[in-house]
Amino acid sequence: MAVRKPKQPRWWRGPLDEGEEERRSRALKILRALRKTYPDAHVPLKYGNPLELMVATILSAQCTDAKVNEVTRPLFKKYRSAADWAAVPQKKLEEEIHATGFFHNKAKAIRAATEELVEKHDGRVPDTLEELTALRGIGRKTANVILAHAFDKQGIIVDTHFIRISRRLALTNEFDPVKIEFVTMRFLPEKHWSEFSLLITWHGRFICPARKPSCSKCPVSDLCPASESDGEVTWRVKSPRKN
């Protein structure tokens, strides 16, 4: 299965009237400031290998990392291989991950992905975006998490924090995660993709949440157009299409 590559959107100059080089310069300043602010930034999910990270990331959708860690602690001792996960009956797995929410779809995703690991990869988690996204139940965000934090490769992880903060920082006017990923590739050097993603997520959790961002305490307020309106995006952005 080929990796979905959307048509590259027309360059958006934004409220600061930036070209690609100007946005690259500002993004690198943002990166350096966040690096100083969050020197201990790390993935909160607890895992010991790529398979465990894959399972934990699937469970983390619409669930706190703390709850995922609580649920996976006994499961990672119980299920050691992809074959173990694939063999768990759907209903039983649903019961075991019930506390993470959306347990039916998550159980289906875990079982589908691990079945394909057994059938096509000898039970091992692959280390390329193409192979990961070809697995049933694995999207680009989960694939990039695995690449970045299990294999120390570069990936842009577009979660809800990344979408919100990228728009507040006027790095994009897109809403679609895949388009945001490809736009970010245009101005951010590849060697910084994983680190930038992680730092943006931490910033979204501790200083720039969806409601009432702490702009007065923000280390990048001088680089953020939205700081002038307490985090509100006041410039014209694309609206999601309504079906």
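That block above? That's the structure.
Residues numbered from 1 in each chain as written. Predicted model: local features only at pLDDT ≥ 70, side-chain atom pairs only at ≥ 80, totals over all residues. Heavy atoms only, no water.

Things to note about the overall build of the protein
Each helix and strand in the protein was counted, giving 11 helices and 0 strands. The secondary structure elements of the protein, listed N-terminal to C-terminal, are α-α-α-α-α-α-α-α-α-α-α. Here the C-alpha atoms of the protein give a radius of gyration of 19 Å, agreeing with the 18 Å that 2.2 N^0.38 yields for 243 residues. By its C-alpha atoms, the protein is 55 × 35 × 35 Å across when sized along the principal axes. Counting over 243 residues, the protein shows a buried share of 51%. Looking at the protein alone, contacts between residues at least 24 apart form 62% of all its contacts between residues at least 6 apart. Working note: accessible area of the protein is about 13,000 Å², and carbon and sulfur atoms make up 50% of it. The distance from the centre of the 43 positive side-chain charges to the centre of the 31 negative ones in the protein is 4 Å. (Helix = DSSP H or I, 4+ residues; strand = E, 2+ residues; numbered from the N terminus. Rg over C-alpha atoms; globule rule 2.2 N^0.38 Å. Buried < 20%, exposed > 50% of the residue type's maximum accessible area, 1.4 Å probe, protein only. Contact = heavy atoms within 4.5 Å. Areas by Shrake-Rupley, 256 points an atom, 1.4 Å probe, with all protein chains shown as cover. Lys, Arg positive; Asp, Glu negative; His and termini not counted. Charge placed at Lys NZ, Arg CZ, Asp CG, Glu CD.)

Concerning unusual backbone geometry
Glycine aside, the phi torsion of most residues is negative, and most peptide linkages are trans. The residue aspartate 17 is not glycine, and still its phi comes out positive at about 50 degrees. Mapped onto the elements, aspartate 17 comes out in the segment before helix H1 (20-37). A positive phi is found at aspartate 152, a non-glycine position, where the angle reads about 55 degrees. Among the structural elements, aspartate 152 can be located in the loop between helix H8 (140-150) and helix H9 (160-168). Residue aspartate 152 is classed as exposed on the basis of its relative accessible area, which comes to 70%.

Considerations on the packing of aromatic side chains
Under the counting rule described, the total for this entry stands at 6 aromatic pairs. One aromatic cluster in this structure is built from Tyr38, Trp202 and Phe206. (Phe/Tyr/Trp six-rings, centres within 6.5 Å; stacked < 30°, edge-to-face > 60°.)

Let's talk about the environment of lysine 179
Among the secondary structure elements, lysine 179 is positioned in helix H10 (residues 177-187). Sequence separation of lysine 179 and valine 158 is 21 residues, and the distance between their C-alpha atoms is 9.8 Å.

Some points on empty space enclosed by the protein
A complete count under the given rule lists 2 cavities of 30 Å³ or more for this structure. In terms of lining, the largest cavity is formed by 16 residues, of which the most central are His203, Cys208, Cys215, Cys218 and Cys224. Across the lining of the largest cavity, the residue classes tally to 10 nonpolar, 5 polar and 1 charged. Roughly 70 Å³ of volume is contained in the second largest cavity. The wall of the second largest cavity is formed by 11 residues, among which Arg10, Trp11, Trp12, Asn173 and Val183 lie closest to the centre. Here the residues of the lining of the second largest cavity are counted per class, giving 5 nonpolar, 2 polar and 4 charged. (1 Å grid on protein atoms, 1.4 Å probe; cavity = no way out; pocket = protein on both sides within 12 Å on 5 of 7 lines; lining within 4 Å. Points joined across faces, edges and corners; volume = space filled by probe spheres on them. Nonpolar A, V, L, I, M, F, W, Y, C, P; charged D, E, K, R; others polar.)

Focus on helix H3 (residues 65-78)
End to end, H3 covers 20 Å across 14 residues, agreeing with the expected 20 Å (1.5 Å per residue, within 8%). When H3 is considered as a whole, its buried residues turn out to be Asp65, Val68, Asn69, Val71, Thr72, Leu75 and Phe76. (Expected span 1.5 Å × (residues − 1).)

Observations regarding H10
One turn of an α-helix holds 3.6 residues; hence residues three or four places apart share an orientation. Turning to H10, its buried residues number three or more, namely Val178, Ile180, Glu181, Phe182, Val183, Thr184 and Phe187. Buried residues in H10 make contact with H1, H8 and H9. Measuring from the side-chain oxygen of the N-cap residue of H10 to the backbone nitrogen of valine 178 gives 3.1 Å; that N-cap residue is aspartate 176. (Polar contact = N/O pair within 3.5 Å; in protein donor to acceptor, adjacent residues only side chain to side chain.)

What about the pattern of salt bridges?
Evaluated as defined, the whole model comprises 16 salt bridges. Here glutamate 22 ties to arginine 13 by a salt bridge, and the two come within 3.9 Å at their closest N and O atoms. Residue classification places arginine 13 among the partly exposed residues on the basis of a relative accessible area of 38%. Where arginine 23 meets glutamate 18, a salt bridge forms, and the shortest distance between an N and an O atom there is 2.9 Å. Residue arginine 23 shares its accessibility class with glutamate 18, and that shared class is buried. Members of the salt-bridge network, linked through shared partners, are Arg111, Glu115, Glu116, Lys120 and Arg136. (Salt bridge = Lys/Arg side-chain N within 4 Å of Asp/Glu carboxyl O.)

That is the geometry; function is a separate question.
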